[in-house]
Amino acid sequence: MRAMIIFDLPVVTKKERKLATSFRKFLLDDGFEMLQYSVYTRLCPDRDNAYTHLDRVKKVAPGNGSIRMLMLTEHQFADMYVLAGEKSVQETKNTPKQLVFF
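Residues numbered from 1 in each chain as written. Predicted model: local features only at pLDDT ≥ 70, side-chain atom pairs only at ≥ 80, totals over all residues. Heavy atoms only, no water.

Can you break down the pattern of salt bridges residue by residue, with the values?
Per the stated rule, a full pass over the model turns up 3 salt bridges. The closest approach of N and O atoms between lysine 25 and aspartate 29, which form a salt bridge, is 3.0 Å. Here the residue lysine 25 and the residue aspartate 29 both occupy positions in helix H1 (residues 14–29), the gap between them amounting to 4 residues, near one helical turn. On the basis of relative accessibility, which here comes to 58%, the residue aspartate 29 falls in the exposed class. (Salt bridge = Lys/Arg side-chain N within 4 Å of Asp/Glu carboxyl O. Helix = DSSP H or I, 4+ residues; strand = E, 2+ residues; numbered from the N terminus. Buried < 20%, exposed > 50% of the residue type's maximum accessible area, 1.4 Å probe, protein only.)

Listed below in structure tokens is the structure:
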């Protein structure tokens, strides 16, 4: 499963830029990888783990702007269409390999 954070934060004042930079740094430190400038994803083994990261993000989220989180299955994430450009390295390298036991 993937946790996807999508955000739009104001960066007009120096304080807002610092908060936005701090938020992006937190996401990277928490294991998220940048998919696009304001879109970060993280592999999570299950929904409970994704909720754990949701709680962490809530605690550090700046009070203004817009921040959303989606929880996607690997199938949903892999089914994403790239309309311009190519898939990023993060999209191709993080595809988990699943073990199947019979």
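Describe the nonpolar core, with residues and values.
Counting residues in each nonpolar core, the largest one holds 15 residues, and the members touching the most others are Ile5, Phe7, Phe23, Leu27, Phe32, Val57 and Met69. If you list the elements that add at least two residues to this core, you get strand E1 (2–8), H1 and helix H2 (47–60). Residues Leu35, Val39, Leu72 and Phe77 belong to the second largest nonpolar core, which totals 5 residues. (Core = buried A, V, L, I, M, F, W, Y, C linked by side-chain atoms within 4.5 Å.)

Lay out the environment of arginine 2 in plain terms, naming residues and giving numbers.
Mapped onto the elements of the fold, arginine 2 is located in strand E1. Taking the C-alpha atoms as reference, arginine 2 lies 6.1 Å from threonine 73; in sequence the two are 71 residues apart. Side chain to side chain, arginine 2 and glutamate 74 meet in a polar contact 2.8 Å long. (Polar contact = N/O pair within 3.5 Å; in protein donor to acceptor, adjacent residues only side chain to side chain.)

Can you explain H1? Please cite residues and give values.
Its 16 residues place the ends of H1 22 Å apart at the C-alpha level, agreeing with the 22 Å of an ideal helix rising 1.5 Å per residue. When we look at burial in H1, the residues that qualify are Glu16, Ala20, Phe23, Arg24 and Leu27. Down the axis of H1, the smallest arc covering the buried residues is 95°, so these residues share one side. In H1, the exposed positions that point more than 90 degrees away from the buried face belong to Lys14, Lys15, Lys18, Lys25 and Asp29. Lining the buried residues of H1 we find E1, strand E3 (39–43), H2 and strand E4 (66–72). (Expected span 1.5 Å × (residues − 1). Arc of directions from axis to C-beta. Contact = heavy atoms within 4.5 Å.)

Lay out H2 in plain terms, naming residues and giving numbers.
Helix length check: H2, at 14 residues, gives a terminal C-alpha distance of 20 Å against a target of 20 Å (1.5 Å per residue), a fit within 8%. Structurally, H2 contributes buried residues whose contacts are with E1, H1, E3 and E4. Measuring from the backbone nitrogen of aspartate 48 back to the side-chain oxygen at the start of H2 gives 3.3 Å, which picks out aspartate 46 as the cap.

Pulling in residues and values, what's your account of the sheet that holds E3?
With antiparallel pairing, the 4 strands of this open sheet are ordered in space as E2-E3-E1-E4. The open sheet has two edge strands with one neighbour each: strand E2 (33–36) and E4. Strand-to-strand, the axes of this sheet are offset by a mean angle of 25°, without reference to chain direction. Of the strands in this sheet, E1, E2, E3 and E4 are in contact with H1, which crosses E1 at around 170°. Across the sheet, H2 touches E1, E3 and E4, and the angle it forms with E4 is around 170°. (Pairing = 2+ DSSP bridges. Axes fitted to C-alpha atoms, helices over the stretch in contact; angles between N-to-C directions.)

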